[in-house]
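Below, each chain spelled out in residue letters.
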Amino acid sequence: MKSGLLVFHSYIASIGGIETFLYEFFKRYSDEYDILFVYKSGDYNQIKRYSKFVRCVKYKNIIYECDVYLNCSVMDNIQDNVIAKRVYCMNHADLNAINVPMKQMRYIDKMIAVSKLSAISTSKYIDAPVEVIYNPLTIDEKIKKPINIISATRLQKEKGLDNMYAFADYLTKNDIRFNWICFTNNKTGEDHGILFRNPVLNIKDYLLGFDYYFDGSYTESYGYSIVEALSYDIPI
């Protein structure tokens, strides 16, 4: 299998710095380079979003040919079945601070470190030229600020628990990002994207950090939480 740039990482976690690096790298450079991403196992959602930009294939014991081979971690072996004109390997960490054995490396043309700190420790442990290249990041000018919602209530039917969950699901369905904190003393085991915290006696200390107060109660007429929110010009 041939490519211009072969990128290898054995395991793709559901979250992580290397996983974010891969996404940003593929997003930024897929139009400039013929990139093939090879992995052994990992999170489906991560691989799915990589596939929007590059070819993604699960590792097989076949010969891979490429101009440049980029190994994404010093914790992964340089694969013997890759024939490359140049071999690069990345280090994302301070190797002095971690107690994880590095893999035995065959000849490396260059080590790429994501910071000056990682470059210093890379030079200590690996005999290869080191270059600092900071993590790429694409700034999306269309990004929207999430809305911030606060609630303080008992999670019971008469307090509009179903209304709270229905509104959270509506926001999610319509791709409206939100940060929602609910102060309560009886959590239900469900969250629907809402963060539940133990109650506080003075909610006024928190109100100014939020855009809206949500009250879904069927029984409240003009509860104290509503009075407090309106007193600080927080929409209900």
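This write-up is about the structure you can find in this document. Small disclaimer: the values here were computed from a predicted structure and weren't measured.

Let us look at the overall build of the protein chain. Each helix and strand in the protein chain was counted, giving six helices and 13 strands. Along the first, second and third principal axes, the C-alpha set of the protein chain runs to 75 × 35 × 35 Å. By residue count, 40% of the 236 residues in the protein chain fall in the buried class. Across the protein chain, every contact between residues at least 6 apart in sequence was considered, and the portion connecting residues at least 24 apart equals 55%. Element-wise, carbon and sulfur atoms account for 52% of the exposed surface of the protein chain, whose accessible area totals about 14300 Å². The positive charge centre, built from 28 side chains, and the negative charge centre, built from 28, are 4 Å apart in the protein chain.

This part takes up helix α1 (residues 17–29). With 13 residues, α1 should cover 18 Å at 1.5 Å per step; its first-to-last C-alpha distance of 18 Å lies within 8% of that length. All of the buried residues in α1 are I18, E19, F21, L22, Y23, E24, F25 and F26. Turning to α1, the residues buried within the fold contact β1 (2–8), β2 (11–12), β3 (35–39), α2 (44–50) and β7 (82–91).

Moving on to the sheet that holds strand β12 (residues 194–197). What the four strands build is an open sheet, ordered β12-β11-β10-β13; its pairing is parallel. In this open sheet, the two strands that pair with only one neighbour each are β12 and β13 (212–213). Relative to β12, strand β11 (residues 178–183) is paired through four bridges, and the arrangement is parallel. Paired with I181 across the strands is L195, a residue of β12.

We now examine the sheet that holds strand β6 (residues 64–71). Spatial strand order, β5-β3-β1-β6-β7-β8-β9: seven strands in an open sheet with parallel pairing. Edge positions in the open sheet fall to β5 (55–58) and β9 (130–132), since each of these has one partner strand only. With strand direction ignored, the average angle separating the axes of adjacent strands in the sheet is 30 degrees. Sitting on the sheet, α1 touches β1, β3 and β7, and the angle it makes with β3 is about 160 degrees.

So, on to the pattern of salt bridges. Evaluation of the coordinates by the stated rule reveals five salt bridges. Ionic pairing is found between K85 and D67, a salt bridge with its closest N-O pair at 3.3 Å. Highlighted residues: K85 in strand β7 and D67 in strand β6, separated in sequence by 18 residues. Linking D175 and R177 is a salt bridge whose minimum nitrogen-to-oxygen distance equals 3.4 Å. The residues D175 and R177 share a single accessibility class, namely exposed.

This paragraph deals with the pairing of β7. Regular strands show a simple pattern: their side chains alternate between the two faces of the sheet. Looking at chain direction, β6 and β7 are connected through seven bridges and run parallel. Looking at the pairing, E65 lines up with I83 of β7. Pairing between β7 and strand β8 (residues 110–113): four bridges, direction parallel. Of the residues in β8, the one forming a bridge with C89 is M111.

Ranked by internal contacts, the top residues of the largest apolar core, which has 22 residues, are V7, L22, F26 and F37. Elements with a contribution of two residues or more to this core: β1, α1, β3, α2, β6 and β7. The greatest single-element share of this core, amounting to six residues, is contributed by α1. Setting aside chain neighbours within four positions, we find L22 in contact with V7, H9, I12, F37, Y50 and C72. Counting residues in each nonpolar core, the second largest holds 17 residues, with I78, V87, I126 and A128 among its members.

Along the chain, the position of S10 falls in the loop between β1 and β2. Using a relative accessible area of 18% as the deciding quantity, one classes S10 as buried. Once you skip the residues sitting within four places of it in the chain, S10 turns out to touch Y39, K40, S41 and D76.

The rules behind these values
- Residues numbered from 1 in each chain as written.
- Predicted model: local features only at pLDDT ≥ 70, side-chain atom pairs only at ≥ 80, totals over all residues.
- Heavy atoms only, no water.
- Helix = DSSP H or I, 4+ residues; strand = E, 2+ residues; numbered from the N terminus.
- Buried < 20%, exposed > 50% of the residue type's maximum accessible area, 1.4 Å probe, protein only.
- Contact = heavy atoms within 4.5 Å.
- Areas by Shrake-Rupley, 256 points an atom, 1.4 Å probe, with all protein chains shown as cover.
- Lys, Arg positive; Asp, Glu negative; His and termini not counted.
- Charge placed at Lys NZ, Arg CZ, Asp CG, Glu CD.
- Expected span 1.5 Å × (residues − 1).
- Pairing = 2+ DSSP bridges.
- Axes fitted to C-alpha atoms, helices over the stretch in contact; angles between N-to-C directions.
- Salt bridge = Lys/Arg side-chain N within 4 Å of Asp/Glu carboxyl O.
- Core = buried A, V, L, I, M, F, W, Y, C linked by side-chain atoms within 4.5 Å.

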